[in-house]
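Chain by chain, the residues run as shown.
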Amino acid sequence: MATETPALPAPGKKINRINLAVQAYRGGKSTLCAGCGHNAISERIVEAYFEMGVDPHRVIKLSGIGCSSKSPAYFFGVSHAFNAVHGRMPAVATGAVLANKHLLPIGVSGDGDTGAIGVGHFVHLMRRNVPIIYIVENNGCYGLTKGQMSPTADLGSRLKNGVVNDLPPIDLCALAIQLGATFVARSFSGDKKQLASLLKAAIAHRGTVLLDVISPCVTFNDHEGSTKSYAYVKDHDDPLGEMTFVPFFDDIVVDYEPGTTQEVKMHDGSRVYLKKIEEGYNPRDKVAALSLLDHTARKGEFATGLIYVEPDRGCFTDLLNLVDTPLSMLPEEALRPSREALDEIMERLR
Amino acid sequence: MEASAKDQRPALCNAGSIDPRCRRRLCFGSDPRRQPFRLPNPDSRPSGRPFPRGIIDLLPLTTTPAADQIVNDFSIQVATVNGSGSQTANLVLLRSLFQMGIPVSGKNLFPSNIAGLPTWYTIRASKHGYVGRKKETDLLVAMNAETATEDVLALNAGAAVVYDEPLKLRDLRSDLVFYPVPFDRLVAPVCPDAKLRRLVRNMIYDGVLSRLLGIEMTEMEKALGRQLGKKAKAVELNRAALNVGYEFADANLPKCDPFRVERMNATQGKILIEANAAVAIGAMMAGVTVVSWYPITPSSTVCETLIDYMKRYRIDKESGKATFAIVQAEDELASIGMALGAGWAGARSMTATSGPGISLMSEFTGLGYYTEVPAVIIDVQRAGPSTGLPTRTAQGDILSTAVLSHGDTRHIMLIPNSAEECYELTMTAFDLAERFQTPVFVMTDLDLGMNTWMADVFTYPDKPLDRGKRLDAETLKRLGEWGRYLDVDADGIGYRSVPGDGMPSYFNRGSGHNSRGQYSERADDYKNNLDRLARKFETARQWVPREFVELDPESEIGVIAYGSTHWAIEEARDELRQEAGIKTSYMRLRAYPFTAEIGRFIDGHRRVYVVEQNRDAQMRSLLTLDLAPGQVEKLRSVLYYTGLPIDARSVSDEILAQERE
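Just so it is clear, the structure is predicted and the values come from calculations on it, not from any experiment. Counting restarts for each chain: residues are numbered from 1 in the order of the written sequence. Written order determines the labels here, with chains lettered from A and ligands numbered from 1. Thresholds applied to this predicted model are a pLDDT of at least 70 for local features of residues and 80 or more for the giving and counting of side-chain atom pairs; totals over whole chains, interfaces and linings are not thresholded and use all residues.

Give a description of the overall build of chain B that names residues and reports values.
Comment: elements are numbered from the N terminus, with helices defined as DSSP H or I runs of at least four residues and strands as E runs of at least two. A tally of helices and strands in chain B yields 22 helices and 26 strands. Buried residues are those with 20 or more other C-beta atoms within 10 Å of their own C-beta, exposed residues have 12 or fewer, and partly exposed residues lie in between; C-beta atoms are placed from the backbone. Counting across all 661 residues of chain B, residues that qualify as buried make up 55%.

Summarise the sheet that holds strand β4 (residues 132-138) of chain A; cite the residues concerned and give the values.
Hydrogen bonding along the main chain pairs the strands of a sheet, whether they run parallel or antiparallel. DSSP calls a pair of strands paired once it identifies at least 2 bridges connecting them. Pairing within the open sheet is mixed, and its nine strands lie in the order β9(A)-β13(A)-β7(A)-β8(A)-β4(A)-β3(A)-β1(A)-β2(A)-β20(B). Strand pairing shows two members of the sheet lacking a second neighbour, β9 (237-239) of chain A together with β20 (507-509) of chain B, which therefore form its edges. Sheet twist, expressed as the mean angle between neighbouring strand axes with direction ignored, is 20°. The pairing of strand β1 (residues 59-63) of chain A with strand β2 (residues 80-83) of chain A spans four bridges and is parallel. Across the sheet, the residue bridging to L62 of chain A is F82 of chain A, located in β2 of chain A. Orientation is described by axes fitted as lines to C-alpha atoms, over the contacting stretch for helices, and by angles from 0 to 180 degrees between their N-to-C directions.

Describe the packing of helix α3 (residues 183-190) of chain B against helix α7 (residues 232-252) of chain B, with residues and values.
How two helices sit against one another is set out by the angle between their axes and by the gap between those axes. Residues and elements named next belong to chain B. Here α3 crosses α7 at 135°, and the two axes come no closer than 10 Å. Relative to α7, the element α3 is oriented oblique. The hand of the α3/α7 crossing is right-handed. Together, L186, V187 and V190 of α3 and A240, A241, V244, G245 and F248 of α7 make up the contact between the two elements. If an angle is under 35 degrees, it is roughly parallel; if it is over 145, roughly antiparallel; if it lies from 65 to 115, roughly perpendicular; otherwise it is oblique. Handedness of each helix crossing follows the sense of rotation of the near helix against the far helix: counterclockwise by less than a right angle gives left-handed, clockwise gives right-handed. Contact definition: two residues whose C-beta atoms, as placed from backbone geometry, lie within 7 Å.

Would you mind going over the interface of chain A and chain B in detail, with residue names and values included?
Counting from both sides, the interface comprises 49 residues of chain A and, opposite them, 57 residues of chain B. Those elements that place two or more of their residues in the side of chain A that touches chain B are β2, α3 (89-99), α5 (119-128), α11 (332-335) and α12 (339-349) of chain A. Residues are grouped as follows: Ala, Val, Leu, Ile, Met, Phe, Trp, Tyr, Cys and Pro are nonpolar; Asp, Glu, Lys and Arg are charged; all remaining types, including Gly, are polar. Taken together, the residues of the side of chain A that touches chain B sort by class into 30 nonpolar, 13 polar and six charged. Here three bridges tie β2 of chain A to β20 of chain B, and the two strands are oriented parallel to one another. Within β20 of chain B, the residue paired with F82 of chain A across the bridge is N508 of chain B.

Please give an account of the nonpolar core that cites residues and values.
Side chains that are nonpolar tend, in soluble globular proteins, to be buried together. Linking buried Ala, Val, Leu, Ile, Met, Phe, Trp, Tyr and Cys residues through C-beta atoms within 7 Å yields a set, and such a set is a nonpolar core. Core analysis: the largest hydrophobic core is formed by 285 residues, its most contacted members being A96 of chain A together with V161 and V208 of chain B. Dropping the residues within four chain positions of it, V208 of chain B is found in contact with V162, Y179, V181, G245, F248, A249 and L253 of chain B. C36, Y142, M149 and A153 of chain A belong to the second largest nonpolar core, which has 10 residues in total.

Outline the domain arrangement of chain B, supporting the account with residue identities and numerical values.
Residue and element names in this part refer to chain B. Note that the domain bounds reflect an automated or database-derived domain assignment. Here chain B is partitioned into domain 1 (12-260), domain 2 (273-456), domain 3 (473-541) and domain 4 (548-659). Residue-level contacts link 12 residues of domain 1 with 14 residues of domain 4. Per-class residue counts for the side of domain 1 that touches domain 4 are six nonpolar, two polar and four charged.

Run through the packing of helix α6 (residues 217-228) of chain B against α7 of chain B, naming residues and quoting values.
Residue and element names in this part refer to chain B. Direction vectors running N to C along α6 and α7 enclose 155°, while the axes themselves pass 10 Å from each other. By the angle between their axes, α6 is roughly antiparallel relative to α7. As for the relative orientation of α6 and α7, their crossing is right-handed in sense. Where α6 approaches α7, its residues M217, M220, E221, L224, G225 and L228 are matched on the opposing element by A234, V235, N238, R239, L242 and Y246. When grouped by side-chain class, the residues that make up the contact of α6 with α7 number eight nonpolar, two polar and two charged.

Okay, here's the thing in structure tokens:
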């Protein structure tokens, strides 16, 4: 249950920079299917937040409806959480961040939640550059209602019952880039190293992070003919390059050869190094990012890694010029204008 | 006040009196308002008002009998084309009457359109203080060729018509007083810029009415200054038009109608305000911090006005930063979603909308109810169903809002009747939302929200904000153990923590949960939770604003109404008493859930009329859920649903008709 404070680590146990053990980041036992990609993602989330030393009391977990949206119960047991209605988590997250801009929101959604019922809210979340890490656990199907097609199902992919998808998929990464998300990445639930690096970089970012994680549904969409099966993704994963993330609090010891690496300095001073496969790929180039997504999709491949990043753009709470104290913590004196103010308003209406 | 026959041009102080030069005089036996009460006849004209006894034409008038004058008791209807800039002229007219101390109200009957369709502005002056819509028009200002004929034909005999001369309306009726005014010819010399003439010409009818009704020109000019503020050029142009209208009327339009004004002292200390602005002021004074909204008529001006006020009064002086966030959302689903997200995270949050938005918010408000998250929702009701009449008024969301969303859901609704109550109950709504940890609806309507009302100066709140049952270290120590939905005080309300407050967290979920907020599909957990929510709603009965009751110990008849219907009821009760000798008691509902007072009120009367502005007797239906069968049997309905604000005559006619059945 979510009410306990993290226990002090046992002596000798590995602790992070805020003196918490990894146990402090764990949640309830998963009720998802054994082998579900979503569970692996939850594991990576726990690791990344632990290693980055994020205070779980400042984290809020948000989700919509679906298998993916259940997963916030399986990590960060001490954090507050809001399981919203189907597709509408972005609105709830936006409101929560406005109420308290010091909170660190992580949203977990699915491909139906994001790409179908909630696409209208997703669009505006990206557009506003609300500071949130928004993870789509993308399996191309509706698991909780037993396997219907979702809007990210690939053209021609086949359900267990033989139904073939005859509509083109929505590329959530391309959509997010066009709409103004400032950190867009794709990974695969089975790629521990890449996913962990991306999550850590996402934590260092200030603005909307879209992390599209292909996460095969072992029950309804992990068979031959599915483009989101483990086997298919392993064969068709096209990583942008080996990615290394260096948090701002670590000494920079990595040494990449100039000309083959791309360095991205994050908002908080952390650095992301991309070791290139594609010569000259620059994740700050919007056109290149969209072009890459288009080219790989045409080949039936998934480009994975940090696809696009814009580390310096102000986020939504900056734009609104909010006071430093969270709005939810303002005292009554700051909330209720004076008697003189009301008198002045009344005088103007006489 | 009599005009001397010797005066060639009556002095200002005589303006408004019937002019001795009037060649045609309408002869009333007495004030038609004092005609004996009569039952409505379905074949009669819609107003149900008798024609005056006769007309004496071409009779030179030498004296002005006081009985023929109707002082401070008339309605003016200005018919124009939407977008023709008549609003300034109408508000100047309204304000100048107000400044003369005469009770007024102004209602804009406008189309869902930006420019080109017919629109009417009605101003009522009432020495009795009646501010509901008056069914009859006494003075028509006909500026719109498209509707002029129909408007004139709809008038009761004895009404006066100021009209644009080329419309040639005089021949339509012989029982009206006509005042032709050549607006185009008059405006040209005072407004050299041809492009501005369309806007400025409206001010001419203000000048004409000033002369005809005796509205002091100094008050007109003062009102004009207030309306246009620092726009010196516009003030100058409009003042010239005002004067040219006055002078034209003075020289060419002998006073032949009985309507005139006289200075009173009934508006001292009062303000003029649209109730949407009152809601906005209430929200600001209640300390709202997160506002999310989606534009929809008639609610948009709630948030637009709020933005203006917040920028002025809620910027931190030291840092210059905002103590609020106002977001125009992508739709109403997002508006309420953001409000709930903010409410969950501890902010005072709100949204404002109207019927279609309420429908869209249905799912989210159920989540708010079930997960117990505060938010304030302002519903400025308009005529539905569906898109309905977006610019017309109704009380048609009562029943659906009370139980908005699927499953067993009940919502607290507050129902203000005036600008003052829109201000006060909006503040109350924020307190109740946090006290009961649930969405609270403020049910106003277009008539309140977008029309101009007189109001007493708003009083500064004397109570601190009620932030409800929040978990803190001391409470945690006292409780020993904490579960988000544990009913430790037996009032159905748990203690809540919010992210960032350092207290233990919980998982806010719309799926089944137990008293600790943990996921549960257990039968007992589900039922216990629903029962506790019902208990909480019972507690709310003790906290919501009580009904307003006016008992007449001699009356057998009770009247129940709510919201803007109040103003017609106040007047209709006087009509029933004065014209038919029927005494009534009155109960005005101000909130849902209802208090036990309602049952007692019904018990004290033989028949109880529930008057409301919808077709399906929505409030009466809602009342029946709380009442005993014997009480339900006493209820009768008076229903008004034309899209126009309800008027007193429609109420009194209908009650009388049912009384005589």
